[in-house]
Amino acid sequence: MRDDLLPVLACPVCTEPLARTAPGQAGCRNGHRYDEAKQGHLTLLPVKRRALTADTPEMVDARLRFLGRGHYAPVERALTSVVADATAPGVVLDVGSGPGTYLAHALDGTPHGDAAGRLGVALDLSAVAIRRAARIHAHVGAVVGDVTERLPVVDHAAAVVLDVFAPRNQHEYARVLHPGGVLVVVTPRVGHLAELAAATISVDPEKERRLHDSLRPAFTLRSTEDLTWTMELTAEDVHDVVHMGPSHHHVAADTVFSPETVTAAVTVSTWTPAR
């Protein structure tokens, strides 16, 4: 973990900022200590939390392969544009980051080159995913955390919060986001991966309404953009897109897929803290 990212992180016990306390260790002024994993990430889970299902190694590997082939490049470009245009001070916080692929792309597009670019924090419940995120970019720090609880991040530390196909935490996003910052949310639309309907979880027709309900009144909608594109997927691609998300738990690992032309349909919306 980068030392300059530690003050952005909050102790999950007392919420005080963290600092380097020893090689391979971080802690707060109240004496709570957290060992850094050999991959460089920290685990900052609440003392009491619900039992939730995290992404498995198979899901993380499938996501890295699929995204690594550029199939979701339109989403990556949209996120990069928002981060590049951000003017508020602070980090880019990717909540439900998985292995950090979207965050790495967004940071690479920041102005003034890598040396003066933004820092980023990848936050996910999956230790498997966070081990990958810890090494995905020189400007990224990675944290195992529960995105449904209080985030282990200090108040107003984020210039941009990214939520890409992840659960939303309205009040925590409002707390950690700088008053001049922006929240970027990517959600699937009806028709997303429609050709794979037999093997994927269908999109709720009420998705847009539920998105607005999940972010108001703490946030005000600033912009929305619908992205639709066609992907020519190999059999391996189809396997990976099916197994990189929740449908992994409902499809047999040995299911054989065929090449397919598949539609991607998502909405990228940006939100600002309500005044």
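Here the structure is a predicted model, which is why all the values come from computation and not from measurement.

1. Thoughts on the overall build of the protein
Scanning the protein from N- to C-terminus turns up seven helices and 11 strands. In terms of overall size, the protein behaves like a compact globule, its C-alpha atoms giving a radius of gyration of 18 Å where 275 residues would be expected to give roughly 19 Å. In the protein, which comprises 275 residues, the proportion classed as buried is 53%. When contacts within the protein are restricted to residue pairs at least 6 apart in sequence, long-range pairs at least 24 apart make up 68% of them. On the protein, roughly 12200 Å² of surface is accessible, and the fraction owed to carbon and sulfur atoms is 52%. Charge separation in the protein, taken as the distance between the mean sites of 26 positive and 32 negative side-chain charges, equals 7 Å.

2. Some words on the packing of helix 2 (residues 73–85) against helix 3 (residues 101–108)
Two measures define how a pair of helices packs: the angle their axes make with one another and the distance between the axes. Between helix 2 and helix 3, the shortest axis-to-axis distance is 8 Å and the interhelical angle comes to 50°. As judged from the angle between their axes, helix 2 and helix 3 are oblique. Crossing of helix 2 against helix 3: the hand is right-handed. For the pair helix 2 and helix 3, contact is made by Val 75, Glu 76, Leu 79, Thr 80 and Val 83 and by Thr 101, Tyr 102, His 105 and Ala 106, respectively. When grouped by side-chain class, the residues that make up the contact of helix 2 with helix 3 number five nonpolar, three polar and one charged.

3. Some details on the packing of helix 1 (residues 57–68) against helix 7 (residues 235–243)
For the pair helix 1 and helix 7, interaxial distance at closest approach is 8 Å and the crossing angle is 130°. Taken together, the axes of helix 1 and helix 7 are oblique relative to one another. Crossing angle aside, the handedness with which helix 1 passes helix 7 is left-handed. Across from Met 59, Ala 62, Arg 65 and Phe 66 in helix 1, the residues of helix 7 making contact are Glu 236, Asp 237, His 239, Asp 240, Val 241 and His 243. Residues of the contact of helix 1 with helix 7, tallied by class, amount to four nonpolar, two polar and four charged.

4. So, the sheet that holds strand 2 (residues 25–27)
Pairing within the open sheet is antiparallel, and its three strands lie in the order 1-2-3. The sheet terminates laterally at strand 1 (19–22) and strand 3 (33–35), the two strands that pair on one side only. On average, each strand axis in the sheet is tilted by 40° relative to the strand beside it, whichever way the strands run. Where strand 1 lies against strand 2, three bridges are found, and the strand directions are antiparallel. Directly across from Ala 19, in strand 2, lies its bridge partner Gly 27.

5. What about the packing of aromatic side chains?
Within the structure shown, the criterion is met by three aromatic pairs. On the numbers, 5.4 Å between centres and 85° between planes, the contact of Phe 66 with Tyr 72 is edge-to-face. The same class applies to Phe 66 as to Tyr 72, namely buried. Grouped by ring-pair contacts, the aromatic residues Phe 66, Tyr 72, Phe 165 and Trp 229 constitute a single cluster.

So, how was this worked out
- Residues numbered from 1 in each chain as written.
- Predicted model: local features only at pLDDT ≥ 70, side-chain atom pairs only at ≥ 80, totals over all residues.
- Heavy atoms only, no water.
- Helix = DSSP H or I, 4+ residues; strand = E, 2+ residues; numbered from the N terminus.
- Rg over C-alpha atoms; globule rule 2.2 N^0.38 Å.
- Buried < 20%, exposed > 50% of the residue type's maximum accessible area, 1.4 Å probe, protein only.
- Contact = heavy atoms within 4.5 Å.
- Areas by Shrake-Rupley, 256 points an atom, 1.4 Å probe, with all protein chains shown as cover.
- Lys, Arg positive; Asp, Glu negative; His and termini not counted.
- Charge placed at Lys NZ, Arg CZ, Asp CG, Glu CD.
- Axes fitted to C-alpha atoms, helices over the stretch in contact; angles between N-to-C directions.
- Parallel < 35°, antiparallel > 145°, perpendicular 65-115°, else oblique.
- Left-handed = near helix turned anticlockwise from the far one by under 90°.
- Nonpolar A, V, L, I, M, F, W, Y, C, P; charged D, E, K, R; others polar.
- Pairing = 2+ DSSP bridges.
- Phe/Tyr/Trp six-rings, centres within 6.5 Å; stacked < 30°, edge-to-face > 60°.

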